[in-house]
Amino acid sequence: MASHVVGYPRMGPMRELKFALESFWHGNSTAKDLQKVGADLRSSIWKQMAAAGIKYIPSNTFSYYDLVLDSTAMLGAIPTRYGWEGGKIEFDVYFSMARGSASVPAMEMTKWFDTNYHYTVPELGPDVNFSYASRKAVTEYKEAQQLGVDTVPVLIGPVSYLLLSKPAKGVETTFSPLSLLGKILPIYKEVVSELKAAGASWIQFDEPTLVLDLDSPQLQAFTEAYLELESCLSGVNVLVQTYFADVPAEAYEVLTSLKGVTGFGFDLVSGIKTLDLIKGGFPTGKYLFAGVVDGRNIWANDLAETLSTLHALESIVGKEKVVVSTSCSLLHTPVDLVNETELDEEIKSWLAFASQKVVEVNALAKALAGQKDEAFFSANAAAQASRKSSPRVTNEAVQKAAAALRGSDHRRATTVSARLGAQQMKLNLLVIPTTVIGSFPQTEELRRVHSEYKDKKISEEEFVKAIKEEINKVVKLQEELDIDVLVHGELERNDVVEYFGEQLSGFAFTINGWVQSYGSHCVKPSIIYGDVSRPKPMTVLWSTMAQSMTARPVKGMLTGPVTILNWSFVRNDQPRLETCYQIALAIKDEVGDLEKAGINVIQIDEAALREGLPLRKSEQSFYLNWAVHSFRITNCGAKDTTQIHTHMYSHFNDIIHSIIDMDADVITIENSRSDEKPVSVIHKGVEFGTGIGPSVYDIHSFIIPSAEEIADRITKMLATNILWFNPEFVLKTCKHTGVKLALKIFIAAAELLRIELAHAKKEKYE
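Since we're looking at a predicted model, the values are computed, not measured.

Draft legend 1. Layout of the side chain of Asn566. Counting through the fold element by element, Asn566 comes out in helix 21 (residues 561-566). With relative accessibility at 13%, the residue Asn566 sits in the buried group. Among the polar contacts listed, one links the side chain of Asn566 to the backbone oxygen of Ala608, at a separation of 3.0 Å. Ignoring anything within four residues of it in the chain, the contact list for Asn566 reads Arg576, Ala608, Leu609, Glu611, Gly612 and Tyr623.

Draft legend 2. Region of interest: the packing of helix 18 (residues 460-481) against helix 20 (residues 540-547). Helix 20 packs onto helix 18 with a crossing angle of 45° between their chain directions and a minimal axis gap of 10 Å. By the angle between their directions, the pair helix 18 and helix 20 is classed as oblique. The two elements helix 18 and helix 20 cross, and the hand of that crossing is right-handed. Only Trp542, Met545 and Ala546 of helix 20 make contact with helix 18, whose side of the interface consists of Phe463, Val464, Ile467, Lys468, Ile471 and Val475. Tallied by class, the residues present in the contact of helix 18 with helix 20 amount to 8 nonpolar, no polar and 1 charged.

Draft legend 3. Region of the structure containing helix 7 (residues 181-198). With 18 residues, helix 7 should reach 26 Å at 1.5 Å per residue; the first-to-last C-alpha distance of 26 Å fits that figure. Every buried residue belonging to helix 7 is among Leu181, Ile184, Leu185, Ile187, Tyr188, Val191, Val192, Leu195 and Ala198, and all of these are buried. Each buried residue of helix 7 sits inside an arc of 165° when the element is viewed along its axis, so together they form one side. Residues Gly182 and Ala197 are exposed on helix 7 and point more than 90 degrees away from its buried face.

Draft legend 4. Main features of helix 1 (residues 16-25). Every buried residue belonging to helix 1 is among Leu17, Lys18, Ala20, Leu21, Phe24 and Trp25, and all of these are buried. Count one or two residues on from helix 1 and you reach Gly27, which has phi positive near 80°.

Draft legend 5. Representation of the packing of aromatic side chains within the structure. Per the counting criterion, the structure on display carries 26 aromatic pairs. An angle of 70° between the planes, with centres 5.2 Å apart, marks the rings of Tyr56 and Trp202 as edge-to-face. Of this pair, Tyr56 sits in the loop between helix 2 (31-52) and strand 2 (57-59) while Trp202 sits in strand 8 (residues 202-206), and the two are 146 residues apart along the sequence. A relative accessible area of 5% places Tyr56 in the buried class. The class for Trp202 is buried, based on a relative accessible area of 7%. Judged by centre distance (4.8 Å) and plane angle (75°), the rings of Tyr243 and Phe244 are edge-to-face. Exposure remark for Phe244: the relative accessible area of 3% places this residue in the buried category. Taken together, the aromatic side chains of Phe24, Trp25, Phe62, Tyr64, Tyr65, Phe91, Tyr94 and Phe95 make up a single cluster linked through ring pairs. Here the basic side chain of Lys524 rests over the ring of Trp514, its NZ or CZ set 5.5 Å away from the ring centre.

Parameters at a glance
- Residues numbered from 1 in each chain as written.
- Predicted model: local features only at pLDDT ≥ 70, side-chain atom pairs only at ≥ 80, totals over all residues.
- Heavy atoms only, no water.
- Helix = DSSP H or I, 4+ residues; strand = E, 2+ residues; numbered from the N terminus.
- Buried < 20%, exposed > 50% of the residue type's maximum accessible area, 1.4 Å probe, protein only.
- Polar contact = N/O pair within 3.5 Å; in protein donor to acceptor, adjacent residues only side chain to side chain.
- Contact = heavy atoms within 4.5 Å.
- Axes fitted to C-alpha atoms, helices over the stretch in contact; angles between N-to-C directions.
- Parallel < 35°, antiparallel > 145°, perpendicular 65-115°, else oblique.
- Left-handed = near helix turned anticlockwise from the far one by under 90°.
- Nonpolar A, V, L, I, M, F, W, Y, C, P; charged D, E, K, R; others polar.
- Expected span 1.5 Å × (residues − 1).
- Arc of directions from axis to C-beta.
- Phe/Tyr/Trp six-rings, centres within 6.5 Å; stacked < 30°, edge-to-face > 60°.
- Lys NZ or Arg CZ within 6 Å of the ring centre and 35° of its normal.

So, in C-alpha cells, the structure goes:
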C-alpha cells in the first residue's frame, strides 16, 4: 500500500500564516513569532498526513511567500539591488524581493502555469554568482524527522527553475537562463548530498515545465541535467513530478528515460491522455505516482471509477509499483471541509478539501492493496448519485438558452472606431480621460456594517443607507480630484466574484474556503455546482445611486463571465464552456438593465482571461474562441453610445488578436509590474482603433512615483488621443489614507501629458 501527496496548503485552516505574516510586516510581531507560527503549521501538516496513513509525505513545500522564491534563495541568485552580500538570507532581504521596499521594487510576479497562484520570477544573467545560500530543504527535513515523521523533501527541479526564469534587467532579452544549467547543478548536488546525509530515502524534483511545448534543446536539458546529477543521486530514490496537463509524447519519452530516477509523477486528472502513453509503455521496475485525486478542484473523488483506473495501471506497471497520489499540490484547494459549518449539507457531501483529499488518497491506496473500506466507498457512491440526480443542479431553460449560443458570432453591429465617435459625442471626454479600475478601500466602519448586515443585526434599509453615504464620499472625492469617469467604489461588495455569485443561481459559498493566491493574499472561490441564471438585477441600484450624485459619467462595474468561471471552483460534470455561456447570458441581462437605467459606461472585467488558457498551444485556440465569445455575448446588444470597458492583467503579447477580438471599446491592461511588456498590446489596440488604458503605476508599491515620472513612463505609449489613464489594480486593498495622495499625483501626471500633447500638436501646425 503506497500513497503520496504532491504538496499541501500552507496558510493554515484559519489562515494563521496570513495573519502572522501581516503582523510581522506591520511591525507588530517579531521574526521569532513568525517562525513559531510556521513551525506549528508544518508540524500539524506532517502529523496529519502521517495519521492518515500517507507513506510519502512532502516536506519543503511550506513557504513564507513562494516556493520559486525559496529556490532563488537556495541558489543565492539574489538580484544585486537587494544589497545581499552573502551569508544567511534574512527576512528583510527575502521579503524585499517578494514585496519591494521603500527603496527597491519587488521582483516580477506572474501566474503559476494556468492557476490563480502567482510565483516570483527569478531574474538571471550570465554573470550571476550562484551559491548554496539557503538550507531550508534540509532544515525542514530534519525538523520533520525530529517529530518522528519521515518525509520526501521537494525541490523545484533545476531545468524547470531555469525555464521559469527571465533575463534580468539590463541583460539582453535573447539571453537564455537555461544556459546557466551547468552553474546551478553543483548546488543541487550539495543539497542532495546533505539530504542523503540527513537520512532522506526519497527526494522529489518538481519539473512541471515538462507539460509545456518544449523544443528539442529544452528537452535535451532534462537529459543532461539528470545525467550530471546521476552520481550524487545514487543511494536515494528520486521522484520527478509533473502536473497541470498531459505530458507530450516526446517529453514522456525523455522523462521516462532520465538517469538516476526511481519514479515518475503524472497528473491523471488534467492529463488524461497521459494514460495512453503509460499504456503504450512504462519503464520496467520504476514507480508510477498516479495523480488520480484532483488537487485543483473541490469535488469528492468518484472512488469506484478511480479504483478501476488504478487497477488498469496496476496491470501495466506492476502491483508494487503504483503509488496513489494527488494530481498536483493541494495548495490550490481550501484546507478542511470540517470548518464549513454553514454549507448546505447535501452540497457539502459532494465536496472534498485538502484534508479530505488526503483521506481519499489513502482510502484508494488501501483498496488497491485489498483493504477496501466498504463503508467509506458506499458513502462516496451515495454522494456521487445524489449529485447526479439532484434537481438543484439542472435548469432546462438555462441549458437550452446556452446551447442556442453555438454557431453565432454575437458581435456588436458597428466597429470600435465608429462606436468611440458616438460615445465621445455623448460623453464629451477630455483628451486622455482619467478613471480608476473600480473599487475603493473599505473603512473599518464599513466592514463592521457588512459584518452586521451579514449577521442580520441591521436591516437591509440600514445597510443601503450606510453604503449610500460611503458612495457619496467616494463620488465627491473623485469630483474634487477632477477624475473624468467616476466609479461608485464597489463599497457594497465583498469580493469581485462572490458578490455576483451570491445573486446568481447555481452558486454555493464557504466561510473558510480560503486559497493562497500570492504571499499572504488569499481568495475564497465560489463553488459553481449547477446551472447559472440571474433572478434579478445585481448592480443597478448602486450604479444609478452614484450617477444621481454627479453630472459626470459613472461606470457600471461588472465581473466578466470568464473571470467568474476561472476564479471559481467549477462543476466538473459538463464542459467549462457550457458553464461560461450560462454566466455570460446572466451578465448580458445585467448590461441591458444598466443601459436602460442610464449608465453609459460599463466595465466588464476579464482579469482572469489568461488563467484558463491551456498550457499546450494546440489547445489554446479552442479556449480563446469560446472565452472571447462569452465576453462578446455579454454586450452584443449594447447601443453604440454605451462604452464597454474591460480590465485585465498578465502577459498578453501572444494573444493580442484574441484581446482585440473581444471587441471592447476600451481595454485597461496591467503594465507596471510586468516591465511594460504589454506595450505591443497597447500599440496593436491603437491600430484597431480601440481605446487603451495602460496602468501608470503599481498602487501596491511602497514607491509612489512623481507626476513627472508617471508622465515620462507613459509618453512612449502616446500613439493616440484615445489613450486612457488609470492606476494599476483596484484601490480596495490599499490603505485608505494613501489613496487620495496617490490619485492626486496620478491626476497631475495626466494633466502634464495633456499639456505635452497640446504643445506637440501646436508645433505640428506652426
